Every structure is written in structure tokens, then in C-alpha cells.
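In case you want the letters, here they are:
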Amino acid sequence: MSRKAGDTRKERTATRSAQTGAAMTLRLIRRETRGDLPLLACLAVLVVVLTALCAWAPAMAGRQEDRALRQRIDAAQAQAPLITITTVPEVFLSDPPSLHMAALLGDGRTLAGRLGGSAARDLAFAGGSYDYNQAVVDAPSPPGPPVSSTRLAISNLPDAAAHLRYVSGRAPADHTPSGTPPQVGLSQATAQALGVGVGSRLDLEFAKLPTAQLTDPRATLVVSGVYRAASGSDGFWSGHAALAQPLRYPAQKGGGTVLAARGLVGTDAADLLAHAGVSGPMVTWRLRADLRGAALDRARDLAGPLSEYSADLNVALCQGADPYTGDASCQVGDHATGSLLVTDNLTPLLGTFTTQDHQARALASFAVDSLAAVALATTAVAVRLLLRRRRAQLGLQRARGASTARLVLLRSAVAWPVVLLAALLGWAAGGQLAPAGTSGSAQPVAAAAAAVTVALTLSVMTWLAVRERPRPGRLRRSRRTPAGGRRIVMELTVLLAAAAGVVALRSQGPDGILGAVPVLVALAAVLVLLRIYPLVLRLLLGRTRRSRGAVGVVGMARASQDAPATGLALFVLVLTLGTAVFGGLVQRTVGDGLATGATWSAGADAAATVDGITAPAPGTPAGTGIRTAVQHLRPLDLVGQADGAAISAVAVITVDPRQLAAVTPKSPLAATLLAALSAPPPAQAGGSVRVPSVISPDLRASERTGGFTATGASHGDRPVSLLLDPVRTLSTAELHDPLLGPVTARIRAGTPILITTAAAERLIPQQSSGSTVLLLRGDGSAATGDAALRSAAVQALGPLAQVRTRSQALATLRDDGLVRGLRSVYVTSSALAALAGLLAVAMELILTYDERSRTTSLLRTLGLGGRQAGAVHFLQLLPLAVASAVGGTLLGVLEPRLLAGTMDLRQFTGGPAQPALRTDYSLTLALVGGVALVVFAAAATETVLARRRRLGAVLRLM
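Residues numbered from 1 in each chain as written. Predicted model: local features only at pLDDT ≥ 70, side-chain atom pairs only at ≥ 80, totals over all residues. Heavy atoms only, no water.

Of regular secondary structure, the protein chain possesses 30 helices and 25 strands. For the protein chain, buried positions account for 48% of its 958 residues. Excluding contacts between residues fewer than 6 apart, the proportion of contacts in the protein chain whose partners are at least 24 apart in sequence is 80%. Element-wise, carbon and sulfur atoms account for 59% of the exposed surface of the protein chain, whose accessible area totals about 45,700 Å². (Helix = DSSP H or I, 4+ residues; strand = E, 2+ residues; numbered from the N terminus. Buried < 20%, exposed > 50% of the residue type's maximum accessible area, 1.4 Å probe, protein only. Contact = heavy atoms within 4.5 Å. Areas by Shrake-Rupley, 256 points an atom, 1.4 Å probe, with all protein chains shown as cover.)

Given below as C-alpha cells:
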């Protein structure tokens, strides 16, 4: 009985001891939590901000990316459809030949649905149209200058109705009255060139289908109306200029001049022409990309089906072969057609945008990674301060036998629940604030990594603070040498890593390491500063010792003693300032580059472009305060004089140098052209005319010594040879002059350029292609604003002119989603980094406050006055402020120069060349002033606190 009772008492004692120990641990955790509440709140705020950013920032960035992609798609679709399906219907399978065009155009809706699933929802059917090849106009003969051939192409374009106005007659009927010929509508210029009016008949001869016809089919069209083109800004006329203005150009065979025009017909004109034996036209169905919501994700999902769309259509719809042509025969609805061809311009646009977006993400990663580094450093400072406040308690617990693991677990048990709760709260808040339906998605892994990093930082630093250190023995004097060696190894490792990162970045281009490399460079700069910082302080201390008064000596002495302990605060300040200066530099560079890009896009105050070689209406800008300059662009085949090598499709630009100099008097290119091309009018000698010219470097490389020859326009029976004599080679800067912006936008990249005088225009033969660019410059008054410039451009070049003003181009560039997103990232990251940096510096000052207070208190007992104590406080903090300001400014200014080869900012500015890096000096001065203000505020605060301290507290500090 006694033995059993003793066992029972032992079990009760053990249970009571375990319960008592658990209760004591819980009470200890609660007491530790209450004592550390301010610093735990600081850690919680950091975790809330970081996790909220992980949930909110990607969605916001995705919204800007979606917006930027939609802007590019809308701008491209305003000029031409991005996705088209074309085919030629077969009309000779029935006898007589027949075609039902209205039903065939409507069957295009079924083709859009064959993409399937979500891809079909992203593409909207935008209608159909058809075009016939040019037919020979047999009658009537056109009046005016004799022509060897008159040709007319007819098209059915339903969208054209919104861009023209009939001045006589009416539009061609979609349902032609029975027994009447097809109807056609002509522009005023075309009707005048053909010598016809409403009710006139046109006898056309179409090309035969050799495998089905023996003779060319003929048809008669009646003119139902004459229209006038209406001006617009959607780019419709850029691809349909022949509808408004006929062209005259030399015939390729047999000599003479060809008069080429284009007219509009109704829907059933193709049916009537098929009955007349005319082969089927080219039918085009247009698909419009409608990417709402997560535009970038939807475009990427659409790219795959589009790449196989043409093959899938032909596999599904094409079986057998056309008996006349031998080509594949397809079935669209109830109509037999040729093979289907899909033209996809959306995928290349998406590829270009992906490259731009990758560069924007790479630039933004620097700000994001810098913010993460500042937040981690702030966490380390907060944990240091927390452990500093608990140093006595930790030492006492350690002396009472508490193990290292128990102390680490105790601190973790206090902080980890707070971190977990803050992480959940921040994630929920960020998710609520994040916009829905964007291509950006929340990053839970990054949020978890941020929370775990904060928690582990506290546990690791607690372990470093309470671990049992080896007892000093005989090797005590040599412990400093291994510590110094470890520091040297660590510094060399960081320096080598930063150098290797910069080299890799410059050689490989921007990628995922762009954000990490600047942080490494900042860390390397801080390590260099920490090596130089004490040396400079010692030099200053030596100078102050030779001066009168103890304030300077004491302040410099205390700063020298605190220098090794201020490394973390110095890192935070340098990285924060460097990030802000870097962001200001990027924004200033992009901002100035946008103005340059707008000028490049407009050439001057405004630019008007029109297809074909057009002479502006005379006297248009007279008395309006608007100056104009005309540039004509023609593709021309040249032959080198030295080796006789043929150079095809050279972009020949004819200008009047005096007009260019009047429009842009400060332009280097205008001065160059004025000096090189201001020669007497070319004179004919021996069947050839020599004309001065300036050429691009690639054209000069193809003919290093001599000039170029071209077949000129014939005058009478004698052909004229045009000799283009290069007098100067354009430099890269001159090729990037804004004067060439609007005209080079119409030249394919890599095409050689030759600029000559406008006097050579009469010697260049007429062509079916070419462009006219009119540059306009106002005098700066309100009477020459954008509206006046547009009116003058339309009056000079007609309603087909596409007018673009510099202010319009600048507004478009500034409104770009990628530019706005990059600006938002840097502003947000810099602001948050500045707040975190101020918090870290404040806590770092609190950590070293006791040492500075002891020094000041000792000096006050020796008779130091209040103002002198304030000066001591200021001098103790001044070196840290100066070092951080100098280091942060140099880092922010020099770092972009190191990475200049990897930062392609042209895609954000719209200019032809990389914009010059421009530092935002006002922002830099404001940041340096902010650091100085922080130092003044800290010194004033410490001075006030020192004055309020009583004598007893001062003596206890001693």
C-alpha cells in the first residue's frame, strides 16, 4: 500500500510540474509579447506591406500590360485588319457560271467559329469584301494627255461608305435591278480622268482563265454615282488611295503611260460578272481581335491556334481539286472556293510587345528587388533592436540554465504567430485591393517567402545572440586575425559577384538577374564606403584635434567609434537613395525621350502623309503663319557607276532644302542638305543630267567611289540618264534627325536612302508607288494650333492626308500602358523604400542612442552647454548622412551607366535611337536634403531628450 501510494504521489508531482512548467512558459510568452509589442508591431507592418504587395502589385502590373497591348492592337486595327482569310470562289463549276456573293460573304462567320473555344470568343467577325484584278477599259477613251492603256479595278468595300460622300448620283446598289448592268461608283478625280459621269457606261475587258476560257470576257458597268473622299484619322485611306485618286505611271512593256483607277461596286456585282464569264474575285473576310480583361493572357492563348489556323481550315474544308486549275477545292458554306489563306499580323505584334514587356519587367525588377533588400535590412535592424532591449533578460535566463534552443524557441514562439497573422492579413488586404480580370496573378510563393524570411531572420539572429561562445584561452590574441580574414574574404566575394553580374548583364542582355545585380553593386559600394569611411573620419579627427574647442573632437571621436556599427544603416540609406536616384533617372530619361519621340513622329509641329506623289495646293499656308516643307518618297532602282552593280528599291527622297531650313531652322540635317544640295538647277548634257545627292552609309558601302545612274523620264524621243552624284554621306545623328521621322516610317528597315533636290523630280519617271510627306510648323501663336495645322494639311494634300501633330503623338506616348506602369513601379517602390529606410535609420539611431547619451551626459557634468551638446549630437550623425548621400547619389548616377547597354528605352520613347541618360537633379537634391533633414531632426530630438534628463539619470548613466 505504501509503495503504491508513493507511486501515485510521484505521478501527481510529475503532472503538476509539467502543468506548472507549461503555464509558466505561457505566462513568459505573454510577458515577452507585451514587452516587445512596439517592435513586433514594426515587424508586423513590414510583413503586411510585403505580402500585400505580393497580392496586389502583380495584378496592377498586369492591368497596365493589358492596357498597353490593347492600345497597340487598337492602333494597328485602325490602319488595317490584323487577321484576314482570303480565297477565290470557283464560278465555272456550273453552266452557266454562277456565284452568290452575299451568301458567301456571310459564310465567313462560320470560319471564325472554327478556331474553337476561347480563341473564337477573342476574335469577332468584322465583315467581308472582295476585289477584282485590274480590267482594261475599252470605252470610253479618257480625255487629256494620251495614255497607252486605261485600267480599272473594282472592289466591294462596305466600310468605305463611312469615309466618302456622294456628290452626284448614289452608291452602287447591292441588289441590282433585273436586266441592268452592274453599277460602279467613282471618285471625282477618277470620273474626271476617265471623262465620265453619272449614267455613263464603261466597257471592261477582264483577264481570262486559261484553263476554262479561250477569250477574254467582257462586261459593261454603269456609273451610278460620283463621290468625294472624306478626311478621317483611322487610316482607312492609307490602303485605298486609288479609290480617291487615279495613278499615272509608265507601262512596263511597250512604253507609254498607264492610267490606273479603282471603283466601288455593290454586293451582287460579282454575281452579274460571273454570269458574264468573269472569273471569281479575291474574297476577304476580316476578323477583329477583341481582347478584353486579361488581354495579354488571352493573346498568348490565341497565338497557338492562330499559328495552325490556315492549315486546320484547309484540312477541314478542302477535299478534292478544282477541275480547271488543279488547285485544292474547298467548301465554304454552299460555295466551292480555292484554298484558304490566313494572314496573321496579331502574332508578330504580340512578339514585339513581349520583347518590350520583357524590358519593362527587367527595369521594374531593380526597383522591386531593391525594395525587398531594404525591407530585409529594416527587419534585421528591428530584430537587433528587439534583442538589444532583451539582452539583460536573455543573459539572466542563460545564467539560470536555459539552453540556446529554448531561448530561440521562446523568441520564435513570441514572433512567429505575429508574423503569420500579419502575413494572412496583408495577403487578404492585397487581394481585396487588387483589380480582377487582369493578366497578372498574385504571387503566394513570394508572399510566403517574405513572411518566412522575416521569421527566420529573428530566429537566426536570436541564435547568434544567445549561443554559447567558445571560451577564450591561449588563442585569444589571435582571434582578431581570423575575423579580419573572414571579412576580407566576404568583401572580395561580394565585389567579384557584383563585377561578374555586371559583365554577364552587359554581355547577355536583361534577364532575371537585372534586379539582383544592382543590389549587389549597392552592397559592394557600401563595403567600399565602410573601408573608406573610418579613414576619412580619422583624418577629420586629426584636424579637429588641432583646433580649439572640444565639440568637434568629441563629435568626430564618437562618429569614428560608431562607424563599424553603422554598416546596416549605411546600406539601407545608400540603397534607398540609389534606388530613388536610379528611378528618377529612368523617368527623366523616358520623359525627355517621349518629347524626342513625338518630334520624330511628327517631324515638326505636324506632319501629313498621303500615298502617291502629290503636289500640295499652291498658296495654302500663305498668311496663316504656317510654314511647310514637302518630301516625296519613291523607290528607285540604281546602278553603280564604278562597278555597274544594280541596287534595287533604293528609297529616293526629294526635298527643297530651303523649305526644310525654314520649317526647322535649328536642324543639323537641314543645314547639311542646304549646303550640299543648294546647287544650280541640273542641266542636260549629252543625254544625261548630273544631280547632287546625299546618301546613307549602307548605300555608300555598296558603291565606295562613284555615283549612281538611273533611267530618267523621256523628253521627246530621247531618253534621259539621271546621274546621282553623292556629295556627302549622312551620319547616324543626321539619319536620326526628326526631319526624316515621318518619311522613314514609310520605309522598310534596312532600305538604303538617297536624298536629292526637288529639281530632280521632273527627271524621275512616274511610278505606281510612292508617298508624299508635308511637314508643317506654326509660329507659336494660338492661330497656328493643332486645328489650324490639320486644316492646312488637309487643304494642301486633300482629305486623304493622315495628319499627326506633335502634341497628339506626345499624348499617345505618355498614355502608353508600359510607360505608365514603369512610372508607377518606381514611384511606389521608391516611396515604400524611403519609408522603410527611415524606419531602419530611426531604429539604428535608437540602438546607438545609449552610447551617445553617455558621452553627452559625461560632458554635461563637466560643464558642456545645451547648444554645444546639440552640436555634438549633430556632428556624431553628420558623417553617416554625408556618406550615405554621397554613396547613394553616386550609385544612382553611375549604376545606369554601367548597365546602359542592357537598358533599351527606345521602345518606351518612340524615337529612333537610345535616349541619352539624364539625371533628375532636382529629385537628387531633394533626396539629399531629406537625408540632411533626418539628421537635423535626429540631432534636435536627442538634444531635447538630453535636456529633459534629470541629474540622477545622468549620474546613473556614468
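A few words on the packing of aromatic side chains. Tallied over the entire structure, the rule returns 4 aromatic pairs. Considering the side-chain rings of Tyr-166 and Tyr-227, the 5.5 Å spacing of their centres and the 75 degrees angle between planes classify their relative orientation as edge-to-face. With Tyr-166 in strand 5 (residues 164–169) and Tyr-227 in strand 8 (residues 218–229), this residue pair connects regions lying 61 residues apart in the sequence. For Tyr-227, a relative accessible area of 0% puts it in the buried group. Among the aromatic residues, ring-to-ring pairing joins Tyr-130, Tyr-132 and Phe-206 into one connected group. (Phe/Tyr/Trp six-rings, centres within 6.5 Å; stacked < 30°, edge-to-face > 60°.)

All right, on to the side chain of Thr-805 then. Within the secondary structure, Thr-805 is located in strand 25 (residues 802–805). Here Ser-807 takes part through its side chain, which lies 3.4 Å from a polar atom of the side chain of Thr-805. Discounting residues that sit within four places of it in the chain, Thr-805 has contacts with Ala-602, Asp-605, Ala-606, Asp-786 and Arg-790. (Polar contact = N/O pair within 3.5 Å; in protein donor to acceptor, adjacent residues only side chain to side chain.)

Since the α-helix advances by 3.6 residues per turn, residues separated by three or four positions end up pointing in the same direction. Its 23 residues place the ends of helix 13 (residues 444–466) 33 Å apart at the C-alpha level, agreeing with the 33 Å of an ideal helix rising 1.5 Å per residue. What helix 13 keeps buried is the set Ala-447, Ala-450, Ala-451, Val-454, Ala-455, Thr-457, Leu-458, Ser-459, Met-461, Thr-462 and Val-466. On its buried face, helix 13 is in contact with helix 2 (37–79), helix 10 (346–389), helix 11 (391–399) and helix 12 (404–433). (Expected span 1.5 Å × (residues − 1).)

Moving on to the nonpolar core. Judged by nonpolar contacts, the single largest core of 88 residues is most densely connected at Leu-69, Ile-85, Ile-154, Phe-206, Trp-285, Tyr-309 and Phe-908. Broken down by element, this core gets its largest block of residues, 9 residues, from helix 10. Judged by nonpolar contacts, the second largest core, of 71 residues, contains Leu-43, Ala-44, Leu-394 and Val-841. (Core = buried A, V, L, I, M, F, W, Y, C linked by side-chain atoms within 4.5 Å.)

Within strand 23 (residues 753–757), 5 of the 5 residues are buried, which leaves it mostly tucked inside the rest of the structure. Where strand 20 (residues 688–695) lies against strand 23, 3 bridges are found, and the strand directions are antiparallel. In the strand pairing of strand 23, Val-694 is matched with Ile-755. (Pairing = 2+ DSSP bridges.)

In the structure shown here, the tally under the stated rule is 1 disulfide. With a sulfur-sulfur separation of 1.7 Å, Cys-318 is cross-linked through a disulfide to Cys-330. Sign of the S-S torsion, about 85 degrees for the bond between Cys-318 and Cys-330, identifies this disulfide as right-handed. Of this pair, Cys-318 sits in strand 12 (residues 318–321) while Cys-330 is found in strand 13 (residues 328–332), placing the two residues 12 residues apart along the sequence. Of the two residues, Cys-318 and Cys-330, both sit in the buried class. (Disulfide = S-S within 2.5 Å.)

This part is about the sheet that holds strand 12. Taken in spatial order, the 3 strands of this open sheet run 12-13-14, and their pairing is antiparallel. On the outer flanks of this sheet lie strand 12 and strand 14 (335–337), each paired with one strand and no other. Strand-to-strand twist across the sheet, computed as the mean angle between neighbouring axes with direction ignored, equals 40 degrees. Across 3 bridges, the pairing between strand 13 and strand 14 is antiparallel. Bridge pairing in strand 14 links Gln-331 to Ala-336. In the packing of helix 9 (residues 309–317) onto the sheet, the strands contacted are strand 12 and strand 13, and the crossing angle to strand 12 comes to about 65 degrees. (Axes fitted to C-alpha atoms, helices over the stretch in contact; angles between N-to-C directions.)

Take it as geometry only, folks, not as evidence of what the structure does.
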